[in-house]
Amino acid sequence: MARVLRRSVVWGRLPDGAPLAFPLIEAEGERAGPTALFTGGIHGDEFEGPLALLDLARVLEAVDLRGRVRIVPFANAPALAAGTRAGPLDGVNLARVFPGDAGGGPSARLAAALWALVAEADLVVDSHSGGTDLAFLPVAGFYEAGGGVGAEAAASSRAVAEQTGLADLWALPATPGVLSLEAARAGVTVAGCEVGGRGRARPSDVRLYRDAYLRVLAARGMVGPEALGDVPAARPARLLRGDWVASPAAGLWRALRPLGAAVRRGEALARVESPLGEVLAVLEAPVDGVILAERNLARVREGDPGLLVAAAEDLS
Ligand SMILES: [Zn+2]
């Protein structure tokens, strides 16, 4: 049986001296092997990954493990307390400041403390969701070669994304400061996943994530088939490519097509309307593809994420 230890890692102090910390669950196997790191709660309004990571820790308590699994269920405690995507201490999006700076502001310090774990990992899976404002289809993101990501890191990133068994793969846009991109640039095997959102943690979405983690550990021989239990075999069916289209106006967001819809280039997918009923903007599909993510919060500001339409390639 794996030995599972739970502790807090202090990375800073509030002005009154109270510690700022993230939770770390470490499962140590009886046999030597790789170190896998699972992170969740980089954003304070995303809950599917964190709950699934707590489920993963409970599974690991009852199975044989080869190597070591490190789990950070909720990385961003200040943002969790505030219920916001960004950290309330500095208003910074933690997913833009990796690999961090131990001498910097709160989010940079937190990133540096997390990066110490990334640097020791052979494999990283970073779990996100749409948070309160957005919603995603279940998707396993990976990096293609280029932009500082080497061919080997790109191939291993895609391999681990495939091993999650989530419904779709997503060739992630290279956004600097994101944990997964910076890990890939550093040569670490990494997937960055998105499941759900709307400020929820639907049991079915939590389950998707937990199953994905177990598939990855089984595929790498870190847990045996007994750990999989009732986890169904699965592999991604499509490869998606695309990034967010920002809202060109502030106002009320009226979705015209639902999440997951197959759409044609130029098709009207959403409108921004003023409280007087003027149509301020119409968002059209930039490509033929599928709506991979959408707004949940129907109040939109100029420049906020509007829609994510991805071109889809069948993998079957
Ligand atoms: Zn996120």
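## Comments concerning the coordination of the zinc ion
Those donors, His43 (ND1), Glu46 (OE), Glu46 (OE) and His128 (ND1), are the protein atoms that reach the zinc ion, and they lie 2.0 to 2.4 Å from it. The coordination sphere of the zinc ion comprises four donor atoms, whose angles at the metal cover 56 to 150°; the geometry is irregular. In primary-sequence terms, the residues that donate to the zinc ion follow H-x2-E-x81-H. Like His43, the residue Glu46 is buried in the burial classification.

## Focus on the nonpolar core
Of all hydrophobic cores here, the largest spans 42 residues; its most connected members are Phe22, Leu114 and Leu292. Within the residue set of this core, elements represented by two or more residues are strand S1 (3-13), strand S2 (19-28), helix H3 (106-119), strand S6 (134-142), helix H4 (151-163), helix H5 (179-185), strand S15 (289-295) and strand S17 (305-314). At six residues, the largest contribution of residues to this core is made by H3. Here this core gathers at least three residues from each of two domains, domain 1 (3-236) and domain 2 (240-314). Ignoring any residue separated from it by four or fewer positions in sequence, one finds Leu292 in contact with Ala135, Phe136, Leu137, Val139, Trp170, Leu240, Leu259, Leu308 and Ala310.

## With respect to the sheet that holds strand S16 (residues 299-300)
Judged by pairing direction, the sheet is antiparallel, and its four strands sit side by side in the order S14-S13-S11-S16 without closing on themselves. Both edges of this open sheet fall to strand S14 (279-284) and S16, since each of them pairs with a single strand only. Here strand S11 (residues 251-255) pairs with strand S13 (residues 268-273) via four bridges, running antiparallel. The residue bridging Ala255 from the neighbouring strand is Ala270, located in S13.

## Describing the pairing of S1
Bridge count for S1 against S2 is ten bridges, and the pairing is antiparallel. When the bridges of S2 are listed, Arg7 appears paired with Leu24. What sits between S1 and S2 in their antiparallel hairpin is a turn of five residues, with Gly17 showing a positive phi close to 90°.

## Some thoughts on the packing of aromatic side chains
All told, the structure shown has five aromatic pairs when counted by the stated rule. Where Phe136 meets Trp244, the ring centres are 5.8 Å apart and the plane angle is 85°; that geometry is what we call edge-to-face. Taken together, the residues span a long stretch of sequence, with Phe136 in strand S6 and Trp244 in strand S10 (residues 244-246) at a distance of 108 residues. Taking the centre distance of 5.6 Å and the plane angle of 15° together, the rings of Tyr209 and Tyr213 count as stacked. In this pair, Tyr209 and Tyr213 both sit in helix H6 (residues 203-219), four residues apart, roughly one turn of the helix. Looking at Tyr209, the relative accessible area reads 0%, which means it is buried. Judged by relative accessible area, which is 1%, Tyr213 ranks as buried. By way of ring pairs, the aromatic residues Phe38, Tyr209 and Tyr213 are connected into one cluster.

The rules behind these values
- Residues numbered from 1 in each chain as written.
- Predicted model: local features only at pLDDT ≥ 70, side-chain atom pairs only at ≥ 80, totals over all residues.
- Heavy atoms only, no water.
- Donors = N, O, S within 2.8 Å, 3.2 Å for Na, K, Ca; no water.
- Tetrahedral: all angles 85-135°; square planar, octahedral: opposite > 155°, others 65-115°.
- Buried < 20%, exposed > 50% of the residue type's maximum accessible area, 1.4 Å probe, protein only.
- Core = buried A, V, L, I, M, F, W, Y, C linked by side-chain atoms within 4.5 Å.
- Helix = DSSP H or I, 4+ residues; strand = E, 2+ residues; numbered from the N terminus.
- Domains from an automatic or database assignment.
- Contact = heavy atoms within 4.5 Å.
- Pairing = 2+ DSSP bridges.
- Phe/Tyr/Trp six-rings, centres within 6.5 Å; stacked < 30°, edge-to-face > 60°.

The values reported here are purely geometric and, on their own, carry no functional implication.
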